[in-house]
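Fold and contact review
Chain residues, written in single-letter form:
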There are 2 protein chains.
Amino acid sequence: MRPARIAAGILIGAALAGALAPASSPAAALPSWNEGPSRRAIVEFVGRVTKPGGKDFVPPAERIAVFDNDGTLWSEQPFYFQFAFAIDRVRALAPQHPEWRDTEPFKSVLAGDIKGALAGGEKAVGAMMLATHTGMTTDEFSRTVQDWIGSAKHPRTQRLYTEMVYQPMLELLAYLRAQGFKTYIVSGGGVEFMRPWVERVYGIPPEQVVGSRGRLKFETRGDQPVLLKLPEIDLVDDGPGKPVGIQQVIGRRPIAAFGNSDGDQQMLEWTAGGTGARFCLLVRHTDGVRETAYDRTSSIGRLDKAWDEANARGWTVVDMKIEWKRLFPFEK
Amino acid sequence: MRPARIAAGILIGAALAGALAPASSPAAALPSWNEGPSRRAIVEFVGRVTKPGGKDFVPPAERIAVFDNDGTLWSEQPFYFQFAFAIDRVRALAPQHPEWRDTEPFKSVLAGDIKGALAGGEKAVGAMMLATHTGMTTDEFSRTVQDWIGSAKHPRTQRLYTEMVYQPMLELLAYLRAQGFKTYIVSGGGVEFMRPWVERVYGIPPEQVVGSRGRLKFETRGDQPVLLKLPEIDLVDDGPGKPVGIQQVIGRRPIAAFGNSDGDQQMLEWTAGGTGARFCLLVRHTDGVRETAYDRTSSIGRLDKAWDEANARGWTVVDMKIEWKRLFPFEK
């Protein structure tokens, strides 16, 4: 990028952060959000914390907003997309693992029987993750993810997984950044799985991604230093692990948090527990036509306890079916 | 900060990043560096990676620079300053721990015999760290650090520890930022020990600090969520742990790395191992008058293997005595 363009970009950013705060036209910034309680709540909060001299003013450096990924920024049905990646990797790696023909869950995966593979529960998923996410260097893994994410298709829509992102949330990310916020992903998904593509898709750079992670080991191969992905879990960035991940990586308490499931409950609690103005929002998957309707009994993205807490505490709950004009960017 | 000032600040930053790249006057940006091989090497590297259209141009987003802290940004003699904090905390907490009167290393610390306390080696230091750095919430610990760092004095100079920072390195941090770099600390010191004061002292925000860390546990006390500091180590961000910390928190490979000891060797190797222009620098503590001269045999900040590697690979090695006009900001 040429300096002139950088300077122009910074100028535009400054203009948006300064002159337009509070936003004069939320409809223009959030076109895929219907006028409704959630959009009003978002705009009202942003107006309060960005109003110079206001009692709730928050300096830009402290405007940290955290976003769950699966089910909040992109879809998570009919299964977590990272699980689809693991399945595809098992298939790709099978020739090097003749023993998988007789070993579950690999045997079922290779027979195309995903339900059979999942019958082994967490242990089966864990075995697939180990086999497909560890034992290589971080650079090798990153290239594998990049190749996959550039070509693999969603089973229902036949779209790239990176097209299965929520248009209203893309607008929200951009709106918050224009208002001086620093946007972070805080996901139960693997950090090394997200970093290769989130900048292109969400405008969020690698250093603003918090996720589950395995242990790494520094080694020298020939004269090349590498980081080896070890088969040991370092952080499960889900549920009570989310505030831990936030503190370890960001070291500041967010002022706004966005999620969709019980796995986000503690992240929202941690955010709400700070002093000053705070904003917590849950996305509810109510649209069985444009997507999948699910909440209290879903095995993926269950929204039960966090929903009760949101209602009790007055957190914003988005009804996707009613409040989102458009779900995915590819919709008319 | 008012938006007008923010916009002005951003404008100045943009002007520096744009109009002045490559730097027209390094002498003005780095006044405490004598004209010499290290300043020339720094300025030459920065000029190359910031030159629009040049073959070594690096986009601003990828201009990640990592700095060790102890011995690189601030002094580490006669002992790591975090160790001084631990000693002071043992003294402050002693009334609540009558058993310490008969238990080493606490007994020696309370008798003012630091050498005696250190006779117990790593185990003794570990016991002191556990007793003073765990068992409280992250917020409580942060307040304790803030109180201490605002009043504790260096034993030799009687200056605040935050005054024992290297003026040439403060200038280097500011110079790199003005040239579009994102500056990170990557230190063996505790991340929770550094975050409360590094923004004020170095201009580095909490989210750009990588350090050693203990495990954390999310809990609710009454209706307040807290993060409890557990007595378990999560990452020793030193030696081969530094590339691990960089990958976990930043997720990009730095293009420039600055250290002073063997604990920085793998960080420099990891930085040097990337493609494109790279810069690695070691600070050599050669000044026995203004500071302390130490290298191959020092128990603190030993510079031995990393020095040999720097010489073999042509990394920049700063001779503080010769190349730094001024060491500390308080010097005339």
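Residues numbered from 1 in each chain as written. Chains lettered and ligands numbered in written order. Predicted model: local features only at pLDDT ≥ 70, side-chain atom pairs only at ≥ 80, totals over all residues. Heavy atoms only, no water.

Topic: the packing of helix 4 (residues 81-93) of chain A against helix 8 (residues 138-149) of chain A
Residues and elements named next belong to chain A. Which entries qualify depends on this criterion: To define axes, lines are fitted to C-alpha atoms, for helices over the stretch in contact only, and angles between the resulting N-to-C directions are given on a 0 to 180 degree scale. A helix here means a DSSP run of H or I that spans at least four residues, while a strand means a run of E at least two residues long, and both kinds are numbered starting from the N terminus. Should an angle lie under 35 degrees it is considered roughly parallel, over 145 roughly antiparallel, and from 65 to 115 roughly perpendicular; all remaining angles are considered oblique. Only heavy atoms enter the contact rule, under which two residues are in contact if any of them lie within 4.5 Å. Amino acid classes used here: Ala, Val, Leu, Ile, Met, Phe, Trp, Tyr, Cys and Pro are nonpolar; Asp, Glu, Lys and Arg are charged; the rest, including Gly, are polar.
Packing of helix 4 against helix 8 brings their axes to within 11 Å, and their N-to-C directions diverge by 105°. Between helix 4 and helix 8, the angle falls in the class roughly perpendicular. Facing helix 4, whose interface residues are Phe81, Ala84, Phe85, Asp88 and Arg89, helix 8 presents Phe141, Thr144, Val145 and Trp148. Partitioned by chemical class, the residues of the contact of helix 4 with helix 8 number six nonpolar, one polar and two charged.

Here's the deal with the side chain of B:Gln77
Residue and element names in this part refer to chain B. To keep things clear, this is the line we draw: A 1.4 Å probe rolled over the protein chains alone gives each residue an accessible area, and that area as a share of the maximum for its type sets the label: buried under 20%, exposed over 50%, partly exposed in between.
Its location among the elements puts Gln77 in the loop between strand 1 (64-67) and helix 4 (81-93). The buried category is assigned to Gln77, whose relative accessible area is 11%. Setting aside anything within four residues of it in sequence, one finds Gln77 in contact with His154, Thr292, Tyr294, Ser298 and Ile300.

Some points on helix 4 of chain A
Put simply, the rule reads: Take the residue count of a helix, subtract one, and multiply by 1.5 Å to get its expected span.
Compared with an ideal rise of 1.5 Å per residue, which puts 13 residues at 18 Å, helix 4 of chain A spans 18 Å between its outermost C-alpha atoms and is within 8% of the ideal. Those residues of helix 4 of chain A that fall on the buried side of the exposure criterion are A:Phe81, A:Gln82, A:Phe83, A:Ala84, A:Phe85, A:Ala86, A:Ile87, A:Val90 and A:Leu93.

A word on the relation of the copies chain B and chain A
How we decide: Least-squares superposition aligns the copies on the C-alpha atoms of those residues with pLDDT at or above 70 in both.
Rotating chain B by 180° and moving it 0.0 Å along the rotation axis overlays it on chain A with an RMSD of 0.0 Å. In short, the pair behaves as if placed about a two-fold rotation axis. No C-alpha of chain B lies nearer the rotation axis than that of B:Val249, which sits 2.8 Å from it. A share of 100% of interface residues in chain B that are also interface residues in chain A marks the association as one of identical surfaces.

Focus on the sheet that holds strand 6 (residues 279-284) of chain A
Residues and elements named next belong to chain A. Here is the rule we go by: By the convention used here, strands pair only if DSSP detects at least 2 bridges between them.
Ordered in space as 4-3-2-1-5-6-7, the seven strands form an open sheet in which the pairing is mixed. This sheet does not close on itself; its edge strands, each paired only once, are strand 4 (224-235) and strand 7 (316-319). Averaged over neighbouring strand pairs, the angle between their axes works out to 30° when direction is ignored. Looking at chain direction, strand 1 (residues 64-67) and strand 5 (residues 256-259) are connected through three bridges and run parallel. Opposite Phe67, over in strand 5, you have Phe258 as the bridge partner.

Some details on the side chain of A:Ser261
All names here are of chain A. Structurally, Ser261 can be placed in the loop between strand 5 and helix 12 (265-272). With relative accessibility at 12%, the residue Ser261 sits in the buried group. Excluding anything up to four places from it in sequence, Ser261 contacts Leu282, Gly301, Arg302, Leu303 and Ala306.

A few points about the pattern of salt bridges
Which entries qualify depends on this criterion: Throughout this description, the term salt bridge denotes a Lys or Arg side-chain nitrogen within 4 Å of a carboxyl oxygen of Asp or Glu.
All chains considered together, the criterion is met by 47 salt bridges over all chains. Between A:Glu207 and B:Lys182 there is a salt bridge, and its shortest N-O distance comes to 2.9 Å. Taken together, the residues A:Glu207 in the loop between helix 10 (191-202) and strand 3 (209-221) and B:Lys182 in strand 2 (residues 182-190) connect one chain to another. Here A:Glu207 and B:Lys182 have matching classes, each one buried.

Points about the sheet that holds strand 4 (residues 224-235) of chain B
Taken together, seven strands build an open sheet; the order of strands is 4-3-2-1-5-6-7 (chain B) and the sheet is mixed. This sheet does not close on itself; its edge strands, each paired only once, are strand 4 and strand 7 (316-319) of chain B. Neighbour to neighbour, the strand axes of the sheet diverge by 30° on average, direction disregarded. With four bridges joining them, strand 6 (residues 279-284) of chain B and strand 7 of chain B adopt parallel strand pairing. The partner of B:Leu281 across the bridge, within strand 7 of chain B, is B:Thr316. The sheet contacts of helix 11 (residues 241-249) of chain A involve strand 3 (209-221) and strand 4 of chain B, and relative to strand 3 of chain B the element is tilted by about 150°.

Describing the pairing of strand 6 of chain B
All names here are of chain B. Counted only if it meets this: Handedness rule for crossovers: strands pointing away from the viewer, path from the first strand over the helix to the second running clockwise, crossover right-handed.
Summarising burial for strand 6: six of the six residues are buried, a large majority. Here strand 6 shows two buried faces, one formed by Phe279, Leu281 and Val283 and the other by Cys280, Leu282 and Arg284. Relative to strand 6, strand 5 (residues 256-259) runs parallel, the two being bridged by four bridges. Of the residues in strand 6, the one forming a bridge with Ala257 is Cys280. Handedness of the β-α-β unit built from strand 5, helix 12 (residues 265-272) and strand 6 comes out right-handed. After leaving strand 6, the chain enters helix 13 (residues 305-313) and then returns to the sheet as strand 7, a path that is right-handed.

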